[in-house]
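Observations on chain architecture
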Amino acid sequence: METKDMMMTSMLTMDKEENEGERDKAREELGGEQEGTQQENGRLMLADGLTEKGPKSLTSGSGQQVSNGFTTSTPQSPREGPGTADSSRDTASGPGGGTGSSVPPGSLRTLVVQQTSLERPRETWSKKMDFLLSVIGYAVDLGNVWRFPYICYQNGGGAFLLPYLLMAVFGGVPLFYMELALGQFHRSGCISIWKHICPIFKGIGFAICIIALYIAFYYNTIMAWALYYLISSFQPTLPWSTCTNSWNTGTCNRYMSTDHNVSWSNSSTSPAEEFYTRQVLQVHLSPGLHQLGSVSWQLALCLLFIFTIVYFSIWKGVKTSGKVVWVTATFPYLVLLVLLVRGATLPGAWRGVVFYLKPDWQKLLSTTVWIDAAAQIFFSLGPGFGVLLAFASYNPFHNNCYKDALVTSSVNCLTSFLSGFVIFTVLGYMAEMRKQDVDAVAKDAGPSLLFIIYAEAIANMPAATFFSIIFFLMIIMLGLDSTFAGLEGVITAMLDEFPHILVKRREWFVFGLVCVCYLGALSTLTYGGAFVVKLFEEYATGPAVITVVLLEVIAVSWFYGTNRFCNDIEVMLGFYPGRFWRVCWVAICPCFLLFIIISFLAFPPEVRLFNYHYPPWTTVLGYCIGVSSFICVPAYMVYHLLNAKGTFKQRLLKSITPEPSSDQHRDLIVTNAV
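Note that this is a predicted model, so its numbers are computed, not measured.

Observations regarding a nonpolar patch on the surface
On the surface, Leu-162, Leu-166, Val-169, Phe-170, Trp-361 and Phe-580 cluster together to form a nonpolar patch covering roughly 540 Å² of accessible area. Counting residues per element, the nonpolar patch draws most heavily on helix H5 (residues 161–186), at four residues. Looking at the secondary structure, you find Phe-170 in helix H5.

Following this line, the structure appears as structure tokens:
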């Protein structure tokens, strides 16, 4: 019995040595042929200790193929270098104790093929600065120029900076960082990304796309107004500086300190106000939203020109838009500096600066100040619009998006602060010329601050034509950056969701999208179009996008999990986010967003424009427009649960379980080869 056991052991030992020798020889041959070549469609690895009969599936040569037909070019396992194969060859022994026995014909060895994605490689930014300028151009928009200065002086001047910075640090910047990290890790747009986070929340992506369309309907109209002003600026005398034009009324008064024969009354209007309301907008021809009137053909042509620029800037993707932003994102800063220097040298400029920054600490006790600070920083940085996800998805995987988030958000906040000086030095000059207080001059908010007050101030400066041209050119470029970004967010989302249909037809899809935006904007080009713009701005986008971002933070922090999200960041950046960021994502950001939503519902804004007070039915209409985008979220949840298989518990569990990303999780295919 012992003799029989010894014979069996000897036979097994010899068979094992033979197999090891054959395996090492096969590894040597595979490694020698393909060493140093670049991995293309798959990685081929020899699996130790696995043998299985199967069909012939490997042909030798420089373009080796496996049974699924994929060309392989890196046959060695990552654990094995050339030295490993050599040492194995020197120590392994065959049946006769040799070291170089050939593999007998018909011997089968199991190979593990690591299959990579066969999809077209994702487009990337040509340069890092293309990405940074695109994000800065998106975040720094018209709101930085007109909304921040007005909100700042209205809410306590310098004292407002305290709640503004607190809301930025604990709310705005963490949301900004989160979206950049999500987009860069999963490399997907705002629709398809949800299958890797929490599939049941995919409706958030569709809601974001609808909100982006609503914004495109009215936001570009403001640029059309600026283009009308720009064209009108190429005249020796600016048309909004005199009261002798065909659109002027008998109440028009050009009231400055040099006009000694003019008296100003409460019923008087400035030439700049009449040019804006009666020539550009023509709102005097519309009684309100119930009767908008005809489309202004001049504004229709201006908007057509704006959308033509937009189309040819984004039709080819970030390769083209990344080059355009080198002009559209940097030129506004040059103009702001020129206007700041010019404004600082005007008489009375110091009065405007004091009015802008003089702190009123009592106002910090008002809830309204904190609401305005939270809303301003949120809409200024712009998380939740799908843009940051889209832009970051074109970054290299290991790009330092943490540093990018801090740099771009800081630039955005500083630009808002700088814009305040540009605006209020000129307002101080206007107050000095009119012999009025600054608050009497700065009574207008929103677009009126730019198109009436600032335009009038420019008209009364030396070299008025030059400053008018560069100012309105700056307004157009500030708006173009944000439009590029908003539409790119929609385009990336749709191309990632329907790649087989749209990727090869990107130019036609972008053309169709731009046409839809132009047709949707026609209502804002009517005589009552300014009323429509105000309605969209107040109701259609604000509450809806804040609610969408609240759900996004909850889905990422609570369902996907903060630990998993932080692990993803560590894989990308090499470091784990600190406790501050984790606490912000889990608790502070949701509270920050919930605070804005509750404040909006508790204190609904009183919407009015010029002398028109919006009737109650317009409020209902506004909320309906806002809900029309948000309804995608619960609608998709119901659709997803109804189409899933299994019991309700199984469906629910599957709907909140993220799918692995194909870029990070490869499929392992076991196949047999000679």
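Quick word on the state of the cysteines
Counted under the stated rule, the structure contains one disulfide. Through a disulfide, Cys-243 is tied to Cys-252; the S-S separation comes to 2.0 Å. Because the torsion about its S-S bond is -70°, the bridge between Cys-243 and Cys-252 counts as left-handed. Looking at Cys-243, the relative accessible area reads 27%, which means it is partly exposed. In this structure Cys-252 comes out as buried when scored by relative accessible area, which is 8%. No disulfide involves Cys-190; its sulfur sits 4.0 Å from the nearest other cysteine sulfur, which is in Cys-209. Cys-190 sits in the buried class, given a relative accessible area of 1%. Considering cysteine sulfurs only, Cys-209 is the nearest to Cys-632, which forms no disulfide, with 9.0 Å between them.

Quick notes on the UniProt feature "binding site: Na(+)" (unreviewed entry) in the protein
As annotated by UniProt and renumbered to match this structure, "binding site: Na(+)" (unreviewed entry) occupies Gly-137, Ala-139, Val-140, Asn-144, Ser-380, Asn-412, Leu-478, Asp-481 and Ser-482. The annotated residues occupy 346 residues of the chain but converge on a single region, no pair of C-alpha atoms lying more than 13.4 Å apart. By the secondary structure assignment, Ser-380 is in helix H12 (residues 367–381). Of the residues examined, Ser-380 reaches a relative accessible area of 4% and is grouped as buried. In this structure, Ser-380 is in contact with Ala-139, Asn-144, Asn-412 and Ser-416, ignoring residues within four places of it in sequence. Checked against the element boundaries, Asn-412 lands in helix H14 (residues 401–434). When sequence neighbours within four positions are dropped, the list of residues in contact with Asn-412 reads Ala-139, Val-140, Asn-144, Ser-380 and Leu-381.

A word on the environment of Asp-437
Note that Asp-437 resides in the loop between H14 and helix H15 (438–441). When residues no more than four places from it in sequence are discounted, the contact partners of Asp-437 are Arg-351 and Ala-431.

Section: the environment of Ser-294
Positionally, Ser-294 belongs in the loop between helix H7 (271–281) and helix H8 (297–314). Other than its neighbours up to four places away in sequence, Ser-294 contacts Leu-525, Thr-526 and Tyr-527.

A look at helix H10 (residues 331–344)
One turn of the α-helix equals 3.6 residues, which is why residues spaced by three or four share an orientation. Helix length check: H10 (14 residues) gives 20 Å between terminal C-alpha atoms against 20 Å at 1.5 Å per residue, within 8%. Regarding H10, the residues found buried are Pro-332, Val-335, Leu-336, Leu-339, Arg-342 and Gly-343. The buried residues of H10 occupy an angular sector of 130° when projected down its axis, which confines them to one face. Of the exposed residues in H10, the ones pointing more than 90 degrees away from its buried face are Leu-334, Val-341 and Ala-344. On the buried face of H10, the contacting elements are helix H9 (318–328), helix H11 (349–357), H14, helix H16 (447–459) and helix H17 (464–497).

Re the packing of aromatic side chains
Here the structure, examined in full by the defined rule, presents 59 aromatic pairs. Seen in terms of ring centroids, Tyr-177 and Trp-585 are 5.5 Å apart; in terms of plane orientation they differ by 50°. Their pairing is tilted. Of this pair, Tyr-177 sits in helix H5 while Trp-585 sits in helix H22 (residues 579–602), and the two are 408 residues apart along the sequence. Grouping residues by exposure puts Tyr-177 and Trp-585 together as buried. Measuring from ring centre to ring centre gives 5.8 Å for Tyr-636 and Tyr-639, while their planes differ by 50°; the resulting arrangement is tilted. Placement of both Tyr-636 and Tyr-639 in helix H24 (residues 632–643) is noted, with a separation of three residues, approximately one turn of the helix.

Calculation criteria
- Residues numbered from 1 in each chain as written.
- Predicted model: local features only at pLDDT ≥ 70, side-chain atom pairs only at ≥ 80, totals over all residues.
- Heavy atoms only, no water.
- Patch = residues over 30% accessible without salt bridge, like charges linked within 9 Å, V, L, I, M, F, W, Y side chains within 5 Å.
- Areas by Shrake-Rupley, 256 points an atom, 1.4 Å probe, with all protein chains shown as cover.
- Salt bridge = Lys/Arg side-chain N within 4 Å of Asp/Glu carboxyl O.
- Helix = DSSP H or I, 4+ residues; strand = E, 2+ residues; numbered from the N terminus.
- Disulfide = S-S within 2.5 Å.
- Buried < 20%, exposed > 50% of the residue type's maximum accessible area, 1.4 Å probe, protein only.
- UniProt positions renumbered as here; feature names shortened; annotations may be inferred.
- Contact = heavy atoms within 4.5 Å.
- Expected span 1.5 Å × (residues − 1).
- Arc of directions from axis to C-beta.
- Phe/Tyr/Trp six-rings, centres within 6.5 Å; stacked < 30°, edge-to-face > 60°.

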